[in-house]
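# Coordinates in review
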Number of protein chains: 2
Amino acid sequence: MSPPRYDKSTRTKGRPTLKEVAQVAGVSPITASRALRGISSVTEELAVRVHSAAEQLGYVVNPAARALASACSQTVAVIVPSLGNQLFIEVLESIHQVMRPHGLEVLIGNAHYSRYEEEDLIRQYLAHQPQGLLLTGFERTEGARRLLEASQIPCVYMMDLDSGVGLHCVGFSQVQAGAAVAEHLLARQRKHIAFVGAQLDQRTLLRAEGFRHRLQKARCYNPMLEVLTPQPSSIGLGCELFAQLMQRYPQVDGIFFGNDDLAQGALLEALRMGISIPQQVSIVGFNDLPSSAFTVPRLTSIRTPRAAIGQRAAELLLSLIEGDTIGQRTQDLGFELMVRESS
Amino acid sequence: MSPPRYDKSTRTKGRPTLKEVAQVAGVSPITASRALRGISSVTEELAVRVHSAAEQLGYVVNPAARALASACSQTVAVIVPSLGNQLFIEVLESIHQVMRPHGLEVLIGNAHYSRYEEEDLIRQYLAHQPQGLLLTGFERTEGARRLLEASQIPCVYMMDLDSGVGLHCVGFSQVQAGAAVAEHLLARQRKHIAFVGAQLDQRTLLRAEGFRHRLQKARCYNPMLEVLTPQPSSIGLGCELFAQLMQRYPQVDGIFFGNDDLAQGALLEALRMGISIPQQVSIVGFNDLPSSAFTVPRLTSIRTPRAAIGQRAAELLLSLIEGDTIGQRTQDLGFELMVRESS
DNA sequence: TTGTAGGCGTTATCAG
DNA sequence: CTGATAACGCCTACAA
């Protein structure tokens, strides 16, 4: 004999409601609501009854009803410039890991490196009344800024550091990282040092800036050796840009690529062209993607703390959501130069 | 003199409502609602008034209220097994491109190659009452199946073809693709042919199966040369598995890797070990990731139609949402062997 | 600690 | 073609 249980097949409506759970548990809807939300004012015994009723019915809250009633959804939104870059996938992953135990859903938005798409996403997500927002960098439209300000919703900025506006941010100094690469190439006695960057997002430009300044200081800067293109960064593009650069300026003996994928392309093309790395040219990448430890030769790169950034940004956002008054608004997580064979 | 306009700064509430838009437009809320939803029964003139009022107020619908009232959100959910695989990013991208013009938001779920995580995601997303669901493959828990069935929500399955259950699916035959690779290596006169697969998801196993069967038919199958590991696929893992395999079975002269990243790792390791590809060993990958055209040597791979899969799956889902009775439930988009230098 | 009353912003239904 | 009315499922505020 099967145990007496609520027969789902007799339900006419699509899905059990809080009211039904309450009926089964023999309490009022509000008590059921409180019990399910883990509000401590509910007696242990009632809470147990409610939970087992919910279980029995297969009850899942209706997020729309909850959001409408409470004017707030159990959601945080993250907007990254790209999903094609493994970097941001890792950031998203750590954010998930922090948010999930708190019962917060993570909405993922891809702005495709466009300020306008980002603004649209922000508008869209704000409509959902998220608990908080995680954004990438500081480069956005005025409209987006106004939306954020008006919304009053907690917001943490990832990847770069704030230059004084007082935003909550978690990242590292892109400028310093660029400078560190220049330093490294200079220490390697390189004389004709190039920068190759694609995508031209704010962070790439800041890296280029730090790099350039350091070279200028060493009187070793040649603007002809700065290659910038708005095309999306990729291994194929790295091949192409490296070949072009070496053809035009054969004297180049050191190159900093704004992203590891470009650098990886360059290594492959060098192999094909018979250019020996690092003997003839030192190559340095950026981000230290997992595959960069396995290239031939292994790629020297700046390791960026993206997992930590995602985690700390998420934790910071949580504390803002809780209403904590934060002491430190800016968290510098640093970076590390991974010196390998390519330089 | 600035034009007379609604002064947002005097608003006490956070956000304009439909009612306010209606007031400004001088119509009833329901008319405003209809106008904004583009329901044709509204007079042109009123519609214009409503739209300009909405514009003026910066009105954005409250998705929660809409979902609650209509028992349906303007959302479709997609669940992929991983975001680390570029493959699925491309699928997501095409889905977006199809859904966005229809005003449908795309919820992205990452199941991390886990049936249990997938079930949780399905439960979570169904709670949101999406218009439809896009899932990857057919491998899922019984619980997930029941949820899907009970929900009655349109669902399209991506990447693989249905083996008779009558689901709506868009993909290609993983088994045939595996067989095609075997065929190719046999045609290259390879005698000691290995398979290397990681992750061991359903699709990888199906590829292995097709590959194995074709080799058996040619009496060229050696089970010792089938390397399977549950570890996540990566370039680093490819390096490692290739080195191990060549050490244990130096006579191997052809390898099919279940994913391009593994194959790319193998190419790098071969370079390091001084094993000439394809002279000593033919190497074939799977998926034809963008970078595979640039490896040294360039990688032979199966090009899978992931952009097309995303697009067609999204279109199919849209038509199911519209209530179309579909003639064809299964769409085979095929695959293509890209023969390059590595085989 | 529990319950009652009311409303969140929108849409479905049906009447005009 | 337009509008009044009543939900949708849940939560806040207050009362018991």
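All residue numbers refer to position in the chain's written sequence, counted from 1. Chains and ligands are labelled sequentially in the order written, the chains with letters from A and the ligands with numbers from 1. For this predicted model, a pLDDT threshold of at least 70 governs which residues receive local features, and a threshold of 80 or more governs which side-chain atom pairs are given and counted, while totals over whole chains, interfaces and linings are taken from all residues. Side-chain metrics rest on all non-hydrogen atoms present in the structure, leaving aside hydrogens and water.

Per an unreviewed UniProt entry, chain A carries the name LacI family transcriptional regulator and comes from Azomonas agilis.

### Observations regarding the sheet that holds strand β8 (residues 254–257) of chain A
In sheet architecture, strand pairing relies on hydrogen bonds along the backbone and comes in two forms, parallel and antiparallel. All names here are of chain A. Following DSSP output, two strands are said to pair if at least two bridges run between them. Each helix is a run of H or I in the DSSP string that is no shorter than four residues. Each strand is a run of E no shorter than two, and both are numbered from the N terminus. Read across the sheet, 6 strands follow the order β7-β6-β8-β9-β10-β12 without closing on themselves; strand pairing throughout is mixed. Edge positions in the open sheet fall to β7 (226–229) and β12 (336–338), since each of these has one partner strand only. If you compare each strand with its neighbour and ignore which way they point, the axes differ by 15° on average. Taken together, the 3 bridges between β8 and strand β9 (residues 282–287) define a ladder with parallel strand orientation. Bridged to Phe256 within β9 is Val284. Most of the contacts of helix α11 (residues 260–273) go to β9, to which it runs at about 150°, and overall it touches β6 (193–198), β8, β9 and β10 (300–303). To get an axis, fit a line to the C-alpha atoms, keeping to the stretch in contact for a helix; angles then go from 0 to 180 degrees between the N-to-C directions. Throughout, a residue-residue contact means that at least one pair of heavy atoms, one from each residue, lies within 4.5 Å.

### Details of the protein's contact with DNA strand D
Proximity criterion: a residue is near a molecule or strand once any of its heavy atoms comes within 4 Å of it. Taken together, the neighbourhood of DNA strand D is formed by 25 residues, with Leu18, Ser33 and Tyr59 of chain A together with Thr31 and Thr43 of chain B sitting nearest. When the atoms of DNA strand D within 4 Å of the protein are grouped by moiety, sugar and phosphate amount to 71% of the total. Within the backbone of Leu18 of chain A, an N or O atom sits 2.4 Å from a phosphate oxygen of DNA strand D. Between DNA strand D and Ser28 of chain B there is a distance of 3.2 Å, counted from a phosphate oxygen to a side-chain nitrogen or oxygen. Elements with a minimum of two residues in the surface near DNA strand D: α2 (29–36) and α4 (63–70) of chain A together with α2 (29–36) and α4 (63–70) of chain B. Per-element tally for the surface near DNA strand D: the top contributor is α4 of chain A, with 4 residues. Residue composition of the surface near DNA strand D, grouped by class: 12 nonpolar, 9 polar and 4 charged. Distance and chemistry together define a polar contact, namely a pair of N or O atoms within 3.5 Å, with one atom able to donate a hydrogen and the other to accept it when in protein, and with adjacent residues in sequence counting only for side-chain atoms on both sides. By the convention adopted, Pro, Cys, Tyr, Trp, Phe, Met, Ile, Leu, Val and Ala count as nonpolar, Lys, Arg, Asp and Glu as charged, and the other residues, Gly among them, as polar.

### A short note on the interface of chain B and chain A
Between chain B and chain A, the contact holds 39 residues from the first and 39 residues from the second. Summed over both partners, the accessible area (1.4 Å probe) lost when two parts come together is defined as the buried area. Three residues, Glu105, Arg272 and Phe294 of chain B, lead the burial of chain B against chain A; their summed loss comes to 16% of the area buried on that side. A pair is scored as a salt bridge if a Lys or Arg side-chain nitrogen falls within 4 Å of a carboxyl oxygen belonging to Asp or Glu. With a shortest N-O distance of 3.8 Å, Glu117 of chain A and Arg100 of chain B are connected by a salt bridge. Those elements giving two or more residues to the side of chain B that touches chain A turn out to be α4, α5 (86–99), β2 (105–110), α6 (115–127), α10 (235–248) and α11 (260–273) of chain B. The biggest single contributor to the side of chain B that touches chain A is α6 of chain B, with 6 residues. Of the residues assigned to the side of chain B that touches chain A, the class counts are 19 nonpolar, 11 polar and 9 charged.

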